[in-house]
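Coordinate inspection notes
Below, each chain spelled out in residue letters.
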Amino acid sequence: IAGITQAPTSQILAAGRRMTLRCTQDMRHNAMYWYRQDLGLGLRLIHYSNTAGTTGKGEVPDGYSVSRANTDDFPLTLASAVPSQTSVYFCASSASGNGNSPLHFGNGTRLTVT
Amino acid sequence: QKEVEQNSGPLSVPEGAIASLNCTYSDRVSQSFFWYRQYSGKSPELIMSIYSNGDKEDGRFTAQLNKASQYVSLLIRDSQPSDSATYLCAVNRIAGYALNFGKGTSLLVTP
C-alpha cells in the first residue's frame, strides 16, 4: 500500500540522548515535511524539503536537523533531546512544495523525553 | 495574529444533523485550502481541498470558500457518530511551501 512509513511508532528517550526519527515515502512525492503536534498548540512545522538535496527551516527548527539524500527518505534527528521535545511527530509529503498540493501524513511517532 | 483560526469546540450535534465547521485565515493572498479529519491518536487525513470561491461538494461534505472574507468552512450533512473527530483547517503558507494548520475543532456527534 502506497504511503508514508514512520519509525519508531513510539519511543521513550533519556534527556541528552541522540535520536533519529525515520520517514520513508513510496509515492515519489517531491516535497516532505516534519511537523510536531502538541496539545493546545496544534501542528507546527519543524523542517521541510521541497526536493531531494534541499531542506529548509519551519517555525520550530531549534534542536532538530534533517537531511534529504534521496526522494524517498527524510529523517529527523534530535542531537541532544530535551523534555520540551516530548511530542507526537508527523512526517508528511506532497506532490509539489508550492503549497498548492495537499499533504499526506504518516502514522506518527510518539516521543517522550525524560 | 494567528494565521489560521478555528473554534476549538467541542461542537456537539445530534446524529443526522448538519455540522458546520468554520475557519478564518490572515493571509489575503492564500490560494489553497484544505480540511483534514483527525481521530484521537491517529494522523490527519485529507477530506477536502478547495481553491476557488464558492462551494465544493464531495458526498456528505461541502467545503465553502470566501476569499474576500478570508473564511473557509466545512459542512457535514447527515452527521454520523463516526464523524466524531477533530477537524483541522489548513492554508498554504505565505512563503509558498508547506501548510499552516489551525488548532482544530473537536466535533462530537451524539446518537
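Small disclaimer: the values here were computed from a predicted structure and weren't measured.

1. Some thoughts on the state of the cysteines
Disulfide: a covalent bond connecting the sulfur atoms of a pair of cysteines. Residues and elements named next belong to chain A. A complete count under the given rule lists two disulfides over all chains for this structure. Linked covalently through their sulfurs, Cys23 and Cys91 form a disulfide whose S-S length is 1.9 Å. Residues Cys23 and Cys91 share a disulfide whose torsion about the S-S bond is about -70 degrees; that sign makes it left-handed. Taken together, the residues span a long stretch of sequence, with Cys23 in strand 3 (residues 19–25) and Cys91 in strand 9 (residues 87–94) at a distance of 68 residues.

2. Things to note about the interface of chain A and chain B
Counting from both sides, the interface comprises 23 residues of chain A and, opposite them, 20 residues of chain B. Considering only the side of chain A, the residues that lose the most area to chain B are Leu43, Asn100 and Phe105 of chain A, jointly responsible for 26% of the buried surface there. Applying the counting rule to chain A against chain B returns one salt bridge. Here Arg93 of chain B ties to Glu59 of chain A by a salt bridge, and the two come within 3.9 Å at their closest N and O atoms. On inspection of chain A and its partner chain B, the count reaches seven residue pairs in polar contact (both at pLDDT 80 or more). When contributions to the side of chain A that touches chain B are tallied by element, the ones reaching two or more residues are strand 4 (31–38) and strand 5 (42–49) of chain A. Residue composition of the side of chain A that touches chain B, grouped by class: ten nonpolar, eleven polar and two charged.

What counts, and at which threshold
- Residues numbered from 1 in each chain as written.
- Chains lettered and ligands numbered in written order.
- Predicted model: local features only at pLDDT ≥ 70, side-chain atom pairs only at ≥ 80, totals over all residues.
- Heavy atoms only, no water.
- Disulfide = S-S within 2.5 Å.
- Helix = DSSP H or I, 4+ residues; strand = E, 2+ residues; numbered from the N terminus.
- Contact = heavy atoms within 4.5 Å.
- Buried area = accessible area lost by both parts, 1.4 Å probe.
- Salt bridge = Lys/Arg side-chain N within 4 Å of Asp/Glu carboxyl O.
- Polar contact = N/O pair within 3.5 Å; in protein donor to acceptor, adjacent residues only side chain to side chain.
- Nonpolar A, V, L, I, M, F, W, Y, C, P; charged D, E, K, R; others polar.

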